[in-house]
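Read off the chains here:
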Amino acid sequence: MVPGARGGGALARAAGPGLLALLLTVCAPLRLQAEELGDGCGHLVTYQDSGTMTSKNYPGTYPNHTVCEKTITVPKGKRLILRLGDLDIESQTCASDYLLFTSSSDQYGPYCGSMTVPRELLLNTSEVTVRFESGSHISGRGFLLTYASSDHPDLITCLERASHYLKTEYSKFCPAGCRDVAGDISGNMVDGYRDTSLLCKAAIHAGIIADELGGQISVLQRKGISRYEGILANGVLSRDGSLSDKRFLFTSNGCSRSLSLDPDGQIRASSSWQSVNESGDQVHWSPGQARLQDQGPSWASGDSSSNHKPREWLEIDLGEKKKITGIRTTGSTQSNFNFYVKSFVMNFKNNNSKWKTYKGIVNNEEKVFQGNSNFRDPVQNNFIPPIVARYVRVVPQTWHQRIALKVELIGCQITQGNDSLVWRKTSQSSSVSSKKEDETITRPVPSEETSPGINITTVAIPLVLLVVLVFAGMGIFAAFRKKKKKGSPYGSAEAQKTDCWKQIKYPFARHQSAEFTISYDNEKEMTQKLDLITSDMAG
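Residues numbered from 1 in each chain as written. Predicted model: local features only at pLDDT ≥ 70, side-chain atom pairs only at ≥ 80, totals over all residues. Heavy atoms only, no water.

*Asks:* Just give me the short version of the sheet that holds strand 18 (residues 246-250), but keep the residues and values in it.
*Replies:* As summarised here, the arrangement of the five strands in space is 10-13-18-12-11, forming an open sheet in which the pairing is antiparallel. Pairing within the sheet leaves two strands with one partner each, and these edge strands are strand 10 (169-174) and strand 11 (187-188). Sheet topology note: the strand 13 (residues 215-223)/strand 18 ladder contains five bridges and is antiparallel. The residue bridging Arg222 from the neighbouring strand is Arg247, located in strand 18. (Pairing = 2+ DSSP bridges. Helix = DSSP H or I, 4+ residues; strand = E, 2+ residues; numbered from the N terminus.)

Right, here's the structure in full:
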C-alpha cells in the first residue's frame with residue numbers, strides 16, 4: 001500500500017458530506033429555475049373563445065422536473081368548457097406529477113395516475129389557470145386539453161375520429177389549434193375521408209374551418225370506398241388510404257367551384273422564360289400556360305434563380321368581382337424541370353383600387369401560404385375569410401430552382417341576374433351554427449342607411465293618396481249630379497254614373513304596373529350596392 005493512501009481515503013470520506021451538501025446547494029436553484037420557466041408546456045393555440053393545449057413532447061414522454069402554468073379565458077359573461085382528450089401521468093399519488101385547474105373560487109384536481117377523470121368540466125367562470133407539474137418519472141404522455149366558451153356545448157377534442165360516432169349526420173364544434181396535433185387523416189375534400197381520420201384535422205384540410213379560429217362542422221357519414229387519395233391542403237398532409245366500411249364528408253356553403261380562366265387575356269405575369277429543347281426549338285413558358293387543367297409546361301419567371309426579383313408575380317383577371325375561397329397550385333409539371341414555388345402571398349384589388357395583401361384574421365399580418373414540395377403534385381389552400389375581388393396576384397416568396405406555377409382558383413359568382421345579389425347571412429355571435437351560415441338569400445340589396453321610418457312612409461303615402469282620391473271622386477260625383485239636374489249635352493246620366501264609379505272603384509289602375517319597381521340603371525350603381533355588403537376581408 002502506498003504510504004498516505006489510507007489517510008487520503010479518510011480525508012475524502014470526511015469531505016464527502018460537505019461536498020454533497022455543496023452540490024445540492026448549487027443544483028437546487030437550477031432546478032427551481034427550470035420549474036419557474038414553465039418549460040413543461042407544449043403545443044398551445046388560443047383564440048377568442050376556444051383553444052388547444054398540451055404538455056411538452058406530447059404524445060411522447062413529458063420531461064422530468066418541469067412546470068407548465070397558463071391562464072386561459074373566454075369572453076366575460078360566458079362559462080368555460082374544458083375537455084380532456086388525453087391524460088397519462090405516471091404518478092399515482094399526485095404528489096409531484098399532476099394536472100390542476102384553479103379558478104378564483106374553485107379548484108378541480110389534482111389529477112394523475114389511474115384515477116377517474118371527468119372528460120368534460122363546465123366551470124362557473126370565464127377564466128381558469130392550468131398547472132401541470134412533473135417530478136422524476138419513466139413514462140407518460142402528459143395531457144391534451146381543449147376548451148371553448150359555453151356558446152359551444154358540442155365542443156370536441158382534436159383526437160376525436162369519425163369512427164367514434166354512429167349517426168349518419170351530426171354537427172360538432174372544433175377548437176382552434178388542431179392542425180399540428182399528432183394523428184393521421186386519409187382522403188380529400190371531394191371523395192371524402194376514411195372514418196378513422198381525425199375529424200377536426202380533416203375539417204382544416206378540407207377548408208371548412210381555419211386552424212387559428214376553429215369552428216362548427218357538419219358531418220355526413222357515407223359508405224366507404226376502395227381507395228382514398230391523399231393531398232397536401234391548408235398545411236395538412238392527407239395520406240392515401242385503403243378500403244373502409246365508412247367514410248365521411250363535410251357540408252359546405254357550395255362556393256367551391258373552379259373559376260374559369262381565359263389564357264388569351266385573363267392571365268399575365270411580371271416576366272416569362274424561354275428555354276431551348278433537345279431539338280434546338282424555343283419553348284415559351286408564358287402566363288397563358290398557367291392554367292392547372294392544361295397540359296404541357298407551366299408559366300415560369302424570366303429571371304434565373306440567382307437574379308430573381310423579390311416580387312415576381314402571376315396576375316389573374318376574373319372579368320368581374322367574384323368570391324374566391326381557395327387556390328390550387330402545382331409546379332412545372334415537367335419531370336426534367338424540377339421547378340416549383342414553396343411559399344407565396346396573395347394580393348388582390350378591384351377596378352380603380354390599389355393592391356392589397358391578404359392578411360391573417362388573428363394577427364392581421366401578411367399571410368404566407370404553404371406551396372408545393374415538388375414539381376408535380378397539386379396543393380390546395382383555402383381563404384378564410386374569402387377574397388372578394390376581380391384581380392388577384394400570386395406573389396412567390398420562396399421557390400426551388402426557378403419560379404414555376406400552374407393555378408386554379410376556387411369560388412363562385414356574387415351576382416345572379418341584373419338586379420339581385422346572393423350573399424351569406426352571418427351572425428356576429430360565435431355561437432351561430434353552420435346551418436344558419438349556409439342560408440342563401442336572393443333579393444334586391446337594401447341600403448345600409450335605410451331606417452325603420454321608411455317602412456312607415458311606404459304605408460302612409462298610399463293611404464294619403466287613397467283618401468285624396470276618394471274625396472276628389474266624391475267632388476266629381478257631386479258635380480255630375482248638379483249637371484244632371486240642369487241636363488247634360490255630353491251623354492246620358494247612366495253613362496256618367498258608370499264612368500264616375502269606375503274612377504272611384506279603381507283609383508290606382510294606371511299606376512299598378514309602376515309601383516315599387518326596383519332596377520339598376522347602370523353598372524356603377526350596382527357596384528356601389530355590392531360594396532355595401534362586401535367587407536374588406538384582408539384589411
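We are not done yet, so read on.
*Asks:* Would you mind going over the state of the cysteines in detail, with residue names and values included?
*Replies:* A full pass over the atoms with the stated rule returns five disulfides. There is a disulfide in this structure between Cys94 and Cys112, and the S-S distance comes to 2.0 Å. Judged by the sign of its S-S torsion, about -100°, the bond between Cys94 and Cys112 is left-handed. Placement of the pair is Cys94 in the loop between strand 4 (80-88) and strand 5 (98-102) and Cys112 in the loop between strand 6 (107-111) and strand 7 (120-122), with a sequence separation of 18 residues. You'll find Cys94 and Cys112 in the same group, each marked buried. There is a disulfide in this structure between Cys174 and Cys200, and the S-S distance comes to 2.1 Å. Residues Cys174 and Cys200 are joined by a disulfide whose S-S torsion is about -90°; by sign, that bridge is left-handed. One end of the pair, Cys174, is in strand 10; the other, Cys200, is in helix 2 (residues 199-205), with 26 residues separating them in the sequence. (Disulfide = S-S within 2.5 Å. Buried < 20%, exposed > 50% of the residue type's maximum accessible area, 1.4 Å probe, protein only.)

*Asks:* Can you break down the sheet that holds strand 1 (residues 41-46) residue by residue, with the values?
*Replies:* The strand order 1-2-9-4-7 describes an open sheet built from five strands, whose pairing is antiparallel. In this open sheet, the two edge strands, each paired with only one partner strand, are strand 1 and strand 7. Ignoring strand direction, the axes of neighbouring strands in this sheet form an average angle of 15°. Bridge count between strand 2 (residues 50-55) and strand 9 (residues 142-149): five bridges; the pairing is antiparallel. Residue pairing across strands places Met53 opposite Leu145, the latter belonging to strand 9. (Axes fitted to C-alpha atoms, helices over the stretch in contact; angles between N-to-C directions.)

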